[in-house]
Amino acid sequence: MNLRFVEAFYWVATLKSVSRAAEKLFLTQSAMSARVAALEEELGVLLLDRRDKQFRLTVAGGRFVSYAQKLLELQREVKAEMGSGMALSASLRIGAIESVLHSWLIPWIEQLRVEQPALELELTVETTPVLMDQVQRGAQDIVFAALPAGGEGVRTKTLPAMPMCFVGQAAQHRKRAYTLSDLAKGELLTFQRGSQPHVALLDALRMAKVEQKKVHTISSISAMAQLVQGGFGVATLPLAAAERFVEVQGLRVLKCNAQLPPLPIHASYRSDPATGLVDGVLKSALAFI
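The rules we used
- Residues numbered from 1 in each chain as written.
- Predicted model: local features only at pLDDT ≥ 70, side-chain atom pairs only at ≥ 80, totals over all residues.
- Heavy atoms only, no water.
- Helix = DSSP H or I, 4+ residues; strand = E, 2+ residues; numbered from the N terminus.
- Buried < 20%, exposed > 50% of the residue type's maximum accessible area, 1.4 Å probe, protein only.
- Contact = heavy atoms within 4.5 Å.
- Areas by Shrake-Rupley, 256 points an atom, 1.4 Å probe, with all protein chains shown as cover.
- Salt bridge = Lys/Arg side-chain N within 4 Å of Asp/Glu carboxyl O.
- Pairing = 2+ DSSP bridges.
- Phe/Tyr/Trp six-rings, centres within 6.5 Å; stacked < 30°, edge-to-face > 60°.
- Lys NZ or Arg CZ within 6 Å of the ring centre and 35° of its normal.
- Patch = residues over 30% accessible without salt bridge, like charges linked within 9 Å, V, L, I, M, F, W, Y side chains within 5 Å.
- Polar contact = N/O pair within 3.5 Å; in protein donor to acceptor, adjacent residues only side chain to side chain.
- Axes fitted to C-alpha atoms, helices over the stretch in contact; angles between N-to-C directions.

Trainee: Looking at this model, I keep getting lost on the overall build of the protein. Mind explaining?
Mentor: The helix and strand tally for the protein stands at 11 helices and 10 strands. Taken along the three principal axes of its C-alpha coordinates, the protein extends 75 × 45 × 25 Å. For the protein, the proportion of its 289 residues judged to be buried stands at 45%. Restricting the contact set of the protein to residue pairs at least 6 apart, pairs at least 24 apart contribute 75%. When the accessible surface of the protein is summed, it comes to about 14900 Å², and 53% of that surface belongs to carbon and sulfur atoms.

Okay, structure coming up:
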């Protein structure tokens, strides 16, 4: 039995789409369909119900999914036992929000390259809603975002949350400490509308009974840092990211009587029974942070 055909069917069944499975395995849709058809011919049964455009497995297809997973896991175990290890090259698609990018992602990836030199990475930086959708569709193997992604076959792991802080231009902000009322007298910048930092800032202002002039929502940490550097206002940023910008852009972390709640971080991923690669990469990330 050709295990490439088994792998093709497994991902079609898991992602409930021939096109998404083709994207996952870097194949054309026609090549993916051909592999599933070849497997059906070998087994002598139909695995996919092709009577209409709605995706459905046949009864035989539903039964074969678990066998496909076991076959792929067995293949991985045999390769590990016989010493073949990782293939000459292995591709992994990683998605992350900017908060992760500007804190621990880059140094971790540098370490990951040492740990797994054969790994080829495809890195995407996006907002949490986009990343959640991508991992659910199978367009990402693992994502680091502010919310856990749901969906059949998607696993999640809670990572350490990121402390948040206020950041201002060093030349403009020389006081040792500020009240939230002080900061609200100017322009405030935070993440995109509806995000956890945006909602948290509005809640803090409301609880302190502070009337702010403006709260600008910006999806890019780099853009916020540049605006603050130009004297535009005060931003709420992850402390780890802020400390990196402070070193090079003349910014300052501002002490404030209002404590911002930390930014939650979740790893959402799909395990690959054929390689176990994603599980190993997640283990590396957890050990690093």
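Trainee: How should the pattern of salt bridges be read in this particular structure?
Mentor: According to the stated counting rule, one finds 11 salt bridges in the structure shown. Across the pair Asp279 and Arg155 runs a salt bridge whose closest N-O atoms are separated by 4.0 Å. In this pair, Asp279 sits in helix α11 (residues 277-288) while Arg155 sits in strand β4 (residues 155-162), placing the two residues 124 residues apart along the sequence. The class for Arg155 is partly exposed, based on a relative accessible area of 45%.

Trainee: Would you mind going over the pairing of strand β10 (residues 263-269) with me for this structure?
Mentor: Two faces, one strand: in a regular strand the side chains alternate between the faces of the sheet. Within β10, 6 of the 7 residues are buried, leaving the element largely enclosed by the surrounding structure. Sheet analysis places strand β3 (residues 142-145) next to β10, joined by 4 bridges and oriented antiparallel. Paired with Ile142 across the bridge in β10 is Tyr269. Pairing of β4 with β10, which is carried by 6 bridges, proceeds in the antiparallel orientation. In the sheet register, Arg155 faces β10, and the bridge partner there is Tyr269.

Trainee: Explain the packing of aromatic side chains here, please?
Mentor: Both the distance between ring centres and the angle between the ring planes are used here to describe each pair of aromatic rings. With the rule as written, the count across this model stands at 5 aromatic pairs. Taken together, a centroid distance of 5.1 Å and an interplanar angle of 80 degrees make the contact between Tyr10 and Trp11 edge-to-face. Judged on exposure class, the residue Tyr10 and its partner Trp11 are both buried. A ring pair is formed by Trp104 and Phe144, whose centres lie 5.2 Å apart and whose planes are at 80 degrees; its orientation type is edge-to-face. Of this pair, Trp104 sits in helix α5 (residues 98-115) while Phe144 sits in strand β3, placing them 40 residues apart in sequence. Accessibility assignment for this pair places Trp104 and Phe144 in one class, buried. Here a set of aromatic residues connected by ring pairs shows up, and it is made of Trp104, Trp108 and Phe144. The ring centre of Trp11 lies 4.6 Å from the NZ or CZ of Lys24, which sits over that ring. We note Lys70 situated over the ring of Tyr67; from NZ or CZ to the ring centre the distance is 5.8 Å.

Trainee: So what exactly am I meant to see when it comes to a nonpolar patch on the surface here?
Mentor: Taken together, the side chains of Leu74, Val78 and Met82 make up a nonpolar region of the molecular surface, amounting to roughly 320 Å² of accessible area. Since its relative accessible area comes to 43%, Val78 is described here as partly exposed.

Trainee: Which parts of the structure should I look at to understand the side chain of Gln169?
Mentor: Residue position: Gln169 is located in strand β5 (residues 164-169). Classification of Gln169 by relative accessible area gives buried; the value is 16%. Within the local environment of Gln169, its side chain forms a polar contact with the backbone oxygen of Gln229, the two atoms lying 2.7 Å apart. Other than its neighbours up to four places away in sequence, Gln169 contacts Val228, Gln229, Gly230, Gly231, Gly250 and Leu251.

Trainee: Would you mind going over the sheet that holds strand β9 (residues 251-254) with me for this structure?
Mentor: Hydrogen bonds between backbone groups are what pair the strands of a sheet, and the pairing can be parallel or antiparallel. A sheet is described by the order of its strands in space; here 5 strands give the open sequence β7-β6-β8-β5-β9, paired in mixed fashion. The sheet terminates laterally at β7 (214-217) and β9, the two strands that pair on one side only. Adjacent strand axes in the sheet meet at a mean angle of 35 degrees, parallel and antiparallel pairs treated alike. Pairing of β5 with strand β8 (residues 234-238) involves 4 bridges; the strand directions are antiparallel. What sits directly across from Phe166, in β8, is Thr236.

It is worth stressing that arrangement in space is one thing and function is another; only the former is reported here.
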